[in-house]
Amino acid sequence: MPVIVVANPKGGVGKSTLSTNLAGYFASRGHAVLLGDIDRQHSARAWLDLRPLQAAPISTWEISEDFIARPPKGTSHVVLDTPAGLHGWRLNDVLKIADKVVVPLQPSLFDILATQDFLRRLADERAVREGQIDVGIVGMRVDARTRSAEQLQRFIDGLQLPLLSHLRNTQNYVQLAAHGLTLWDVAASRVQRDIEQWQPIISWVNGASVAAAHVTTKTATHAAEVSG
């Protein structure tokens, strides 16, 4: 039962967007997925309340930020959304149950500065260094062709943590979230560009190495371009 934690101590970077869409992906594949939320704003829980009955089911995980325990049995996948300011013993408790940590990060200087200590802490974590926990970074609301993306890449290279993908700034996420939906709940043709950006993330959470995830994505993209 993989436990995927979405974390960044800075608020407003896209944690709930990543969490809900990860849960939506697993649900679309028929997995019994729990979406946990220890954010005091309860964004993920509020999103679940909007989710239509005909959508692939995602169960809520009632968990307290003051008591982070192992998720219940009978679940195949767990996604945990975390609050801004996650640090100290709460971060330690989260890492005890995590198999993978996904860190959303925007390319602005202020976001990088606010997140650098957290990323260094993760990189230095013994479980991360020994491969017991995988850490991956996702660039949020960023065009991979811009100088901002280059700045983000240089920063991440210095930490020796992998950048899984860039997700573009699009209203698709906003509009789908308003109805309790994800990219995986609508026709693929409507969100094809976004799904392509998600492929290395999906491959990575499913156990592929970062290099393999990117090779698979490039191959699939090339095949789509040829067939198109």
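As the structure is a prediction and not an experimental result, all values here were calculated from the model.

Parameters at a glance
- Residues numbered from 1 in each chain as written.
- Predicted model: local features only at pLDDT ≥ 70, side-chain atom pairs only at ≥ 80, totals over all residues.
- Heavy atoms only, no water.
- Buried < 20%, exposed > 50% of the residue type's maximum accessible area, 1.4 Å probe, protein only.
- Helix = DSSP H or I, 4+ residues; strand = E, 2+ residues; numbered from the N terminus.
- Arc of directions from axis to C-beta.
- Contact = heavy atoms within 4.5 Å.
- Phe/Tyr/Trp six-rings, centres within 6.5 Å; stacked < 30°, edge-to-face > 60°.
- Lys NZ or Arg CZ within 6 Å of the ring centre and 35° of its normal.
- Pairing = 2+ DSSP bridges.
- pLDDT = per-residue confidence, 0-100.
- Axes fitted to C-alpha atoms, helices over the stretch in contact; angles between N-to-C directions.

Draft legend 1. Expanded view of helix α2 (residues 43-50). All of the buried residues in α2 are Ala-44, Arg-45, Trp-47 and Leu-48. Along the axis of α2, the buried positions cluster into a sector of 160 degrees, meaning they face one direction only. In this fold, the buried residues of α2 make contact with α1 (15-28), β2 (33-37), β3 (59-61), β4 (77-81) and α7 (171-177).

Draft legend 2. The packing of aromatic side chains, seen in detail. On inspection of all chains with the given rule, the structure shows three aromatic pairs. Aromatic rings pair up to connect Tyr-25, Phe-26, Trp-184 and Trp-198 into one cluster. Directly above the ring of Trp-204 sits Lys-100, whose terminal nitrogen or CZ lies 4.5 Å from the centroid.

Draft legend 3. Up close: the pairing of strand β6 (residues 134-140). The element β6 is largely enclosed, with a buried count of six among its seven residues. With six bridges connecting them, strand β5 (residues 100-105) and β6 associate as parallel partners. Along β6, the bridge assignment pairs Val-103 with Ile-137. Where β6 lies against strand β7 (residues 163-167), four bridges are found, and the strand directions are parallel. For Ile-137, the partnering residue across the bridge sits in β7 and is Leu-163.

Draft legend 4. Region of the structure containing unusual backbone geometry. Of note, Arg-141 is a non-glycine position whose phi angle comes to about 55 degrees, a positive value. Inspection of the secondary structure puts Arg-141 in the loop between β6 and α6 (147-159).

Draft legend 5. Structural detail: the confidence of the model for the chain. With 86% of its residues at a pLDDT of at least 70, the chain reaches an overall mean of 84. Counted against residues more than four places away or in other chains, residues 215-228, with its pLDDT under 50, gives three contacts.

Draft legend 6. Structural detail: the sheet that holds β7. With respect to topology, seven strands assemble into an open sheet ordered β3-β2-β4-β1-β5-β6-β7, the strand pairing being parallel. On the outer flanks of this sheet lie β3 and β7, each paired with one strand and no other. Sheet twist, expressed as the mean angle between neighbouring strand axes with direction ignored, is 25 degrees. Here strand β1 (residues 3-6) runs beside β5; their pairing, made up of three bridges, is parallel. Paired with Val-5 across the two strands is Val-101, which belongs to β5. Relative to β5, helix α4 (residues 109-124) is tilted by about 165 degrees, and along the sheet it contacts β5 and β6.

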